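# Fold and geometry: a report
What follows is each chain in one-letter form.
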Amino acid sequence: MEKERGRKPVGKAVRKPAFAPSLEKAAPISLPPTSRGPESDANAASQSGKAFPIVGVGASAGGLEAFIQLLEHLPSTTGMAFVLIQHLDPTHSSQLPEILSRKSGMPVSEVHGDIKVQPNHVYVIPASNNLRIDNGVLRPVSRPTGAGVRNMPIDEFLESLAKERGNQSLGI
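Owing to the predicted nature of the structure, the values given are computational and were not obtained by experimental measurement. (Residues numbered from 1 in each chain as written. Predicted model: local features only at pLDDT ≥ 70, side-chain atom pairs only at ≥ 80, totals over all residues. Heavy atoms only, no water.)

## Topic: the pairing of strand β5 (residues 121-124)
- In β5, alternate side chains face the same way, and those of His 121 and Tyr 123 on one face and Val 122 and Val 124 on the other are all buried.
- Two elements, strand β2 (residues 81-86) and β5, share four bridges in a ladder whose sense is parallel. Bridged to Phe 82 within β5 is Val 122. (Buried < 20%, exposed > 50% of the residue type's maximum accessible area, 1.4 Å probe, protein only. Helix = DSSP H or I, 4+ residues; strand = E, 2+ residues; numbered from the N terminus. Pairing = 2+ DSSP bridges.)

## Thoughts on unusual backbone geometry
- Its identity as a non-glycine residue notwithstanding, Asn 120 has a phi of 65 degrees, on the positive side.
- Structurally, Asn 120 is set in the loop between β4 (115-116) and β5.
- Asn 120 gets classed as buried once you look at its relative accessible area, which sits at 8%.

## Some thoughts on the pattern of salt bridges
- What the rule picks out here adds up to four salt bridges.
- The partner of Lys 103 in a salt bridge is Glu 72, and the shortest N-O contact between them spans 4.0 Å. Highlighted residues: Lys 103 in the loop between α3 (96-101) and β3 (108-110) and Glu 72 in helix α2 (residues 64-72), separated in sequence by 31 residues.
- A salt bridge links Asp 134 to Arg 139; the shortest N-O distance between them is 3.3 Å.
- Given the relative accessible area of 39%, Asp 134 is considered partly exposed.
- Of the residues examined, Arg 139 reaches a relative accessible area of 29% and is grouped as partly exposed. (Salt bridge = Lys/Arg side-chain N within 4 Å of Asp/Glu carboxyl O.)

## Notes on the environment of Val 137
- Structurally, Val 137 is set in strand β7 (residues 137-141).
- Here the alpha-carbon distance between Val 137 and Asp 114, two residues 23 residues apart in the chain, equals 6.2 Å.
- If near-sequence neighbours (up to four positions away) are discounted, Val 137 is found in contact with Asp 114, Ile 115, Lys 116 and Arg 132. (Contact = heavy atoms within 4.5 Å.)

## A short note on the nonpolar core
- Core analysis: the largest hydrophobic core is formed by 17 residues, its most contacted members being Ile 54, Val 83, Val 117, Leu 138 and Phe 157.
- Within the residue set of this core, elements represented by two or more residues are β2, β6 (130-134) and α4 (153-165).
- Those residues in contact with Val 117, other than ones at most four positions away along the chain, are Phe 52, Ile 54, Ala 81, Tyr 123, Ile 133, Gly 136 and Leu 138.
- Counting 14 residues, the second largest nonpolar core, distinct from the first, contains Phe 82, Leu 84, Met 106 and Val 122. (Core = buried A, V, L, I, M, F, W, Y, C linked by side-chain atoms within 4.5 Å.)

## Some points on the side chain of His 121
- Topologically, His 121 is positioned in strand β5.
- With a relative accessible area of 18%, His 121 lands in the buried category.
- Within the local environment of His 121, its side chain forms a polar contact with the backbone oxygen of Pro 119, the two atoms lying 2.9 Å apart.
- The contacts of His 121, once residues within four sequence positions are left out, are Met 80, Ala 81, Phe 82, Met 106 and Pro 107. (Polar contact = N/O pair within 3.5 Å; in protein donor to acceptor, adjacent residues only side chain to side chain.)

## Observations concerning α2
- The complete set of buried residues in α2 reads Phe 67, Ile 68 and Leu 71. The buried residues of α2 occupy one face: seen down the axis, they fall within an arc of 100 degrees.
- Those residues of α2 that are buried are in contact with β1 (54-59), β2, α3 and β5. (Arc of directions from axis to C-beta.)

## Some words on the sheet that holds β7
- Taken in spatial order, the three strands of this open sheet run β4-β7-β6, and their pairing is antiparallel. Both outer strands of the open sheet, β4 and β6, are each paired with one neighbouring strand and no more.
- Here β6 pairs with β7 via five bridges, running antiparallel. Note that in β7 the partner of Leu 131 across the bridge is Pro 140.
- Along the sheet face, α4 touches β6 and β7 and points at about 5 degrees away from the line of β6. (Axes fitted to C-alpha atoms, helices over the stretch in contact; angles between N-to-C directions.)

Pasting the structure below:
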């Protein structure tokens, strides 16, 4: 009766556009037999000095919830290091490391003094300083001072990260 009214019959057969790839025909992806998985690969990279990705994540003073959501959804073995840079009041101590350590499966550390970056770790900017990275080491640096000088801790860190790691750096 539908054909009589000029309608197409409804059925399960759906035409796929000619340009759409078929997932049914795709070959499965397999890892080389020497691969040991992300956790052991990250540890091997750290011990051998091999570069691993470092992710710089910047947020305004109200970015705590975004940091929490990110860390809650990350596995504890990503093979990457995460450096969280937030605009903080230098006259108040930050509770950020304590709060985030309850939300992450990775160790969370506030950077006081030079720290060698390791994969599967989270590093947090201290309230009183900015951060830079040099030769795989996070270094707290003084905030800029002077009349009319703006403190831009996210830009400063991401620029140093890009120079340090190139295509092994990510900025969010």
